Amino acid sequence: MNWRVRDLLSEAWSNLRAAPARTFLLVGLTAALMAGLAYTEAATTYDLVDFNRRYVEAGGNAVVVYSDSGLAVDSCATFKNANGVLASGALSSPTAVETDGAPGTLFNTAAGTSGLWDVIATDELVVPDPGGNGWTIGAAAAEELGLAPGMMLGIEGRIAPVERVVDTELRDPQASRSIMASMAPTGTAVQCWIEYGPGVSTGRTEAAAAVFAGSGDAIAAPLIRLDEFSRDTLAELAERPTRYGWILAGAVIALTVWVMAWFRRSDIGLYRALGTRTSGLTIIGSAEALIPLVAGAVVGTMWGVVVAGILAGESMAADQWSIVGRSVASGLLLAIVAAPLPWAIASREPIADQLKDR
């Protein structure tokens, strides 16, 4: 019998519809395995993404330049225009002062350029139209004094509005109890804060130090040391235990397909008795596996990703989808390639022995 490819595919589809229990069993098994694979991969990436986010929020990409003799404020303020730099700002030497509303209580006061708040503050409340001559207050000082943006504050006879209440507890706890004024990008300062973009991973301190090489005692250092943030996320991703999970998932699915094919030796014998060649049997076996495996993989992947996203409380990024998709696709491809092998192998067995099983 001379089968056309279209006839072989139609025959495979008819076989799938004629045995719905077998078809849905294969779809369900594939969905369960791929859901587990997708979930573990997604959960791993969520953990690494969460760590990286906390690292960045804590100032992992920030560098601080210190100098007792003074740093050029204009150089610090314009550093934000350099490639890979998100923000930069200068900070003057702090002094202790009393406020008019709380005499006898000392607060640190200093001056900083506008870009400083973008580096040291993880959150800020700003009045609708700050004039630039008001106070920027740390969250702890604002709570202690009962201040909010728009309210007036007097220090040593100078009364000005509160323009910002900034939360600096994470990156600069000392500034949380400080009252800071705006500073023009001129003169000198004792610190320059620089935050780089996530893509800049090397040469950050060296670049900052080079800009202020004219200050003899300038020292550039990362804002945070790798104590609690000592994990190497890229190495963890490359060495994650689930990186070979696709092999296990694909092998289990392929083994299930082989067992199903073994119980259908009589069907294979009948096809051979009708003159079906090995290539035709391979096409039928591939098509019968391809449809339920792809359907199960899609359902399982979405299932695993949704569960992982619900537990993590956020949606997946494109890079995470890439990792999950690559693992699932690899396992699916392994199963699809291995699925028709029993059909090809069975074409070498005696037809009479296969037909005896009917």
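In this text, all values refer to a predicted model and were calculated from it rather than measured experimentally. Once a new chain begins, its residue numbering starts again from 1 and follows that chain's sequence as written. The predicted nature of this model means local features are confined to residues of pLDDT at least 70 and side-chain atom pairs, given and counted, to a pLDDT of 80 or more, with totals for whole chains, interfaces and linings taken over all residues. Working from all heavy atoms in the structure, the side-chain values ignore hydrogens and water.

Caption draft 1: Geometry of the state of the cysteines. Note on terminology: disulfide denotes any pair of cysteine sulfur atoms within 2.5 Å. Inspection of the entire model under this criterion finds one disulfide. Cys76 shares a disulfide with Cys192; S-S distance 2.0 Å. One quick way to see it: the torsion about the S-S bond of Cys76 and Cys192 is about 90 degrees, and its sign makes the bridge right-handed. Of this pair, Cys76 sits in helix 3 (residues 73-78) while Cys192 is found in strand 10 (residues 188-196), placing the two residues 116 residues apart along the sequence. For the pair shown, Cys76 and Cys192 are each scored as buried. Runs of E in the DSSP output that reach at least two residues are strands. Runs of H or I that reach at least four are helices, and both are numbered from the N terminus. We call a residue buried when its accessible area falls under 20% of the maximum for its residue type, exposed when it is over 50%, and partly exposed in between, using a 1.4 Å probe and counting protein chains only.

Caption draft 2: Structural context of the pattern of salt bridges. The salt bridge definition used is simple: a Lys or Arg side-chain nitrogen within 4 Å of an Asp or Glu carboxyl oxygen. Summed over the entire model, instances satisfying the criterion amount to seven salt bridges. Measuring nitrogen to oxygen at the nearest pair gives 3.8 Å for the salt bridge that ties Glu163 to Arg164. One salt bridge connects Glu195 with Arg171, and the closest N-O pair in it is separated by 3.0 Å. Here Glu195 is found in strand 10, whereas its partner Arg171 is found in the loop between strand 8 (158-167) and strand 9 (178-182), with 24 residues between them in sequence. Each member of the pair, Glu195 as well as Arg171, carries the same accessibility label: buried. Salt bridges sharing partners connect three or more residues here, namely Asp50, Arg53, Arg54 and Glu314.

Caption draft 3: Structural detail: the packing of helix 10 (residues 278-312) against helix 11 (residues 318-338). For helices, the axis comes from a line fit to the C-alpha atoms of the stretch in contact; other axes are also lines fit to C-alpha atoms, and the angle between any two N-to-C directions lies between 0 and 180 degrees. Running from N to C, helix 10 and helix 11 cross one another at 155 degrees; their axes reach a closest spacing of 11 Å. In this view, helix 10 runs roughly antiparallel relative to helix 11, as classed from their interaxial angle. Of the two possible hands of crossing, helix 10 and helix 11 adopt the one that is right-handed. Touching Leu290, Leu293, Val294, Ala297, Thr301, Met302 and Val305 of helix 10 are Trp321, Val324, Val328, Leu332, Ala335 and Ile336, all from helix 11. Under the convention adopted here, Pro, Cys and the residues Ala, Val, Leu, Ile, Met, Phe, Trp and Tyr are nonpolar, Asp, Glu, Lys and Arg are charged, and Gly plus all remaining residues are polar. Its residues assigned to classes, the contact of helix 10 with helix 11 comprises twelve nonpolar, one polar and no charged. Working definition: roughly parallel below 35 degrees, roughly antiparallel above 145 degrees, roughly perpendicular at 65 to 115 degrees, and oblique for all remaining angles. Rotating anticlockwise by less than a right angle from the far helix to the near helix defines a left-handed crossing, while the corresponding clockwise rotation defines a right-handed one. For this analysis, residues touch if any pair of their heavy atoms sits within 4.5 Å.

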